[in-house]
Amino acid sequence: MKRAVSGLLVAAAAAIALGFLILPMLAIFLRVPPGRLLHLLTTSIVTDALVVSFKTTAIAQVLILVFGTPLAWLIASRRFRGRGLAITLVELPLVLPPAVAGLGLLAAFGRTGLLKTSIPFTQTAVVLAVAFVSSPLYIRAAVAAFEGVDPNLVAASRTLGAGPGRTFFRVVLPLARTGLAAGEALAFARGLGEFGATIMFAGSLQGVTQTLPLAIYSAFAIDFDTAIAMGALLVVISAVLLVFLKLVLSWRSSGPTSSFLFARST
Amino acid sequence: MKLALAVMLALVVAATAAASTDTTQPTVFAAASLTDAFPKIAPKARFSFAGSNALAAQIRQGAPADVFASANTALPDALHTDGFCSKPVIFTRNTLVLIVPKSNPADIHGVYDLRRKGIKLVIADKGVPVGSYTLQVLKNMGLSGVLKNVVSRETDVREVLAKIALGEGDAGFVYSTDARTVPNKVHVLKIPAWAQPKVQYGICIVSRSSNKPAAQAFIKRVLSPAGQKMMLRYGFLPRVKK
């Protein structure tokens, strides 16, 4: 009897938790009829924001891959003084409030900032904001993926005459690619959702710096339905990214690195 | 297990009860430009300052506001028409100015200088009252072409102020009352009277307010001689043009 009651309680709590998470996303789609939703998505505010979002996020991801991968490899393969500190610093932007990220970017790259650049209000500013908040997700996953590569395989490659570069590209990268792809997908998703740092550092101008989240915020006060339409678009994009991520993870596990990122859905 | 659930529920109930405690003080949704003046008139009221249009949108979505004070009359009028608030009354007026950072990096000394290429002009979004007033000023002066120099459309007037005070933008349009709050950081450039839009602030009681007496009392206070005197002290204009 007692066990049945507690079982019921667990089920009820689980149902509430699930319902709570689903409801807001469902509500976005129920708010506006699908036909009108699609129509709203063709307005220039939405299409401009979509282009700005994907362009800036894509460029940021290239930067993250090019600069983040070597950093992750160094952290994963070397033991040096301050390694723990380096890891913590890399992870800090993850837990930093985006508004603080925006302040920091202004203080560093602003016209009156440390480096005195004229980056604010440009698309470059959006790219930097996105890169700053999303790169830790990739670097973290990449460090874990590299650490999961069997050092014996690396050693064998070197013994067989492959140089460090060849070993990295032919042995390490293929072995770590699942973890890298997963981290990259996460960073991409986080980048698309960036809001706080962008609006502070880059401002908001349609077709230049106004990304989808910024356009939602601007439309919210003017035209709620258009905001809802963009919200629906982002829910769909996020869902696609998540499914992609799960697919990547199910292809081939690169050791113990990938499973902690997400619960398996199979 | 059961104990844990009970404790959790009790905590949630306690927390939300504390958050929704009904005091005698109203919740006032007010235009960002009122950020400094309003708390001086009613120090104990709860305030939410933002772009008037964002606040109006929140009220339409059922936000728990008692009073809505907007930087124009169009937004409260529309809320009134749709049954979301009482008939608005005008409680103050304002004027627009052009501001530049104290260092004046783009060497701007008047509105006509905005025509120069490459200037970083920051304005408010067109849905925000100060944004539409800005468009009006530029139209009145035959300067709509300078809109190509706009680098950002901000969500309320204080965001415009911040971007200029910080020196990131070269120039921006704000209310004269906002410019006064950071005298050490910005230079104020006047806009001729003939180009000024009619900036009137409307205030109303939100229909769904659960605290209408407090809302009523707040509005009365704003309209009272003492309230009006405080508004003047912060640079606002008398509600009726003399």
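Quick notes on the overall build of chain B
- When its secondary structure is counted, chain B shows nine helices and ten strands.
- Dimensions of chain B, computed from C-alpha atoms along their principal axes, come out at roughly 70 × 50 × 35 Å.
- Every one of the 242 residues in chain B was classed for burial, and the buried ones make up 48%.
- Pairs at least 24 residues apart make up 73% of the contacts formed inside chain B by residues separated by at least 6 positions.

Overview of the pairing of strand E8 (residues 171-175) of chain B
All names here are of chain B.
- Counting buried positions over the five residues of E8 gives five, a clear majority of the element.
- Taken together, the four bridges between strand E5 (residues 96-101) and E8 define a ladder with antiparallel strand orientation. Its bridge partner being in E8, Val-97 is matched across the sheet by Val-174.

Examining the packing of helix H5 (residues 98-109) of chain A against helix H6 (residues 123-147) of chain A
Residue and element names in this part refer to chain A.
- Orientation of H5 relative to H6, taken along the N-to-C sense of each, is 125 degrees, at an axis distance of 11 Å. Comparing their axes, H6 and H5 come out oblique. Once H5 is placed against H6, the crossing between them reads as right-handed. Contacts between H5 and H6 involve Pro-98, Ala-101, Leu-105 and Phe-109 from the former and Leu-128, Ala-129, Phe-132 and Val-133 from the latter.
- For the contact of H5 with H6, the residue count by class is eight nonpolar, no polar and no charged.

Things to note about the interface of chain A and chain B
- Counting residues at the interface gives 18 residues for chain A, matched by 20 residues for chain B.
- If you list the elements that add at least two residues to the side of chain A that touches chain B, you get helix H1 (2-31) and helix H10 (212-220) of chain A.
- The class makeup of the residues in the side of chain A that touches chain B is ten nonpolar, seven polar and one charged.

Things to note about the domain arrangement of chain B
All names here are of chain B.
- In terms of domains, chain B is made up of domain 1 (23-93 + 199-233) and domain 2 (96-195).
- Computed over C-alpha atoms only, the centres of domain 1 and domain 2 are separated by 26 Å.
- At the interface, 14 residues of domain 1 touch 14 residues of domain 2.
- At three residues, the largest contribution of residues to the side of domain 1 that touches domain 2 is made by helix H3 (residues 52-60).

A closer look at the nonpolar core
- Grouped together as the largest cluster of nonpolar side chains are 143 residues, with contacts concentrated most on Ala-129 and Met-230 of chain A together with Val-67, Phe-68 and Val-174 of chain B.
- The two domains that each donate at least three residues to this core are domain 1 (23-93 + 199-233) and domain 2 (96-195) of chain B.
- Once residues lying within four places of it in the same chain are set aside, the contact partners of Val-67 of chain B are Pro-26, Val-28, Phe-29, Ile-203, Ile-205, Val-206, Ala-215, Phe-218 and Ile-219 of chain B.

A word on H3 of chain B
All names here are of chain B.
- Of all the nine residues making up H3, seven are buried; the element is thus mostly covered by neighbouring parts of the structure.
- Along H3, the positions that sit buried rather than exposed are Ser-52, Asn-53, Ala-54, Leu-55, Ala-56, Ala-57 and Ile-59.
- Trailing H3 by a residue or two, Gly-62 shows a phi angle of about 95 degrees, which is positive.

What about the environment of Met-231 of chain B?
Residue and element names in this part refer to chain B.
- Here Met-231 lies in helix H9 (residues 225-233).
- Judged by the 26 C-beta atoms lying within 10 Å of it, Met-231 falls in the buried class.
- Placed 108 residues apart in sequence, Met-231 and Ile-123 show a C-alpha to C-alpha distance of 24 Å.
- In this view, Met-231 contacts Ala-37, Thr-92 and Phe-236; residues no more than four positions away in its chain are not counted.

Cut-off values and rules
One numbering rule holds for all chains: residues counted from 1, following each sequence as written. Chains carry letters from A onward and ligands carry numbers from 1 onward, assigned in written order. Selection of residues for local features in this predicted model requires a pLDDT of at least 70, selection of side-chain atom pairs for listing and counting requires 80 or more, and totals for whole chains, interfaces and linings are taken over all residues. Working definition: helices are DSSP H or I runs of at least four residues, strands are E runs of at least two. Numbering for both runs from the N terminus. Three exposure classes are used, based on other C-beta atoms lying within 10 Å of a residue's own C-beta, which is placed from the backbone: buried for 20 or more, exposed for 12 or fewer, and partly exposed in between. A residue pair is marked as a contact if its C-beta atoms, positioned from the backbone, fall within 7 Å. Between any two strands, pairing holds if DSSP finds at least two bridges. To obtain each axis, a line is fitted to C-alpha atoms, and for helices this fit is confined to the stretch in contact; angles are then taken between N-to-C directions over 0 to 180 degrees. Oblique is the label for any angle not covered by the other classes, which are roughly parallel (under 35 degrees), roughly antiparallel (over 145) and roughly perpendicular (65 to 115). Helix crossings get a hand from a simple test, with the near helix turned counterclockwise from the far one by less than a right angle marking a left-handed crossing and a clockwise turn marking a right-handed one. Polar here means any residue other than Ala, Val, Leu, Ile, Met, Phe, Trp, Tyr, Cys and Pro, which are nonpolar, and Asp, Glu, Lys and Arg, which are charged; Gly is therefore polar. Those domain boundaries reflect an automatic or database domain assignment. Working definition: the nonpolar core is a set of buried Ala, Val, Leu, Ile, Met, Phe, Trp, Tyr and Cys residues, joined through C-beta atoms within 7 Å.

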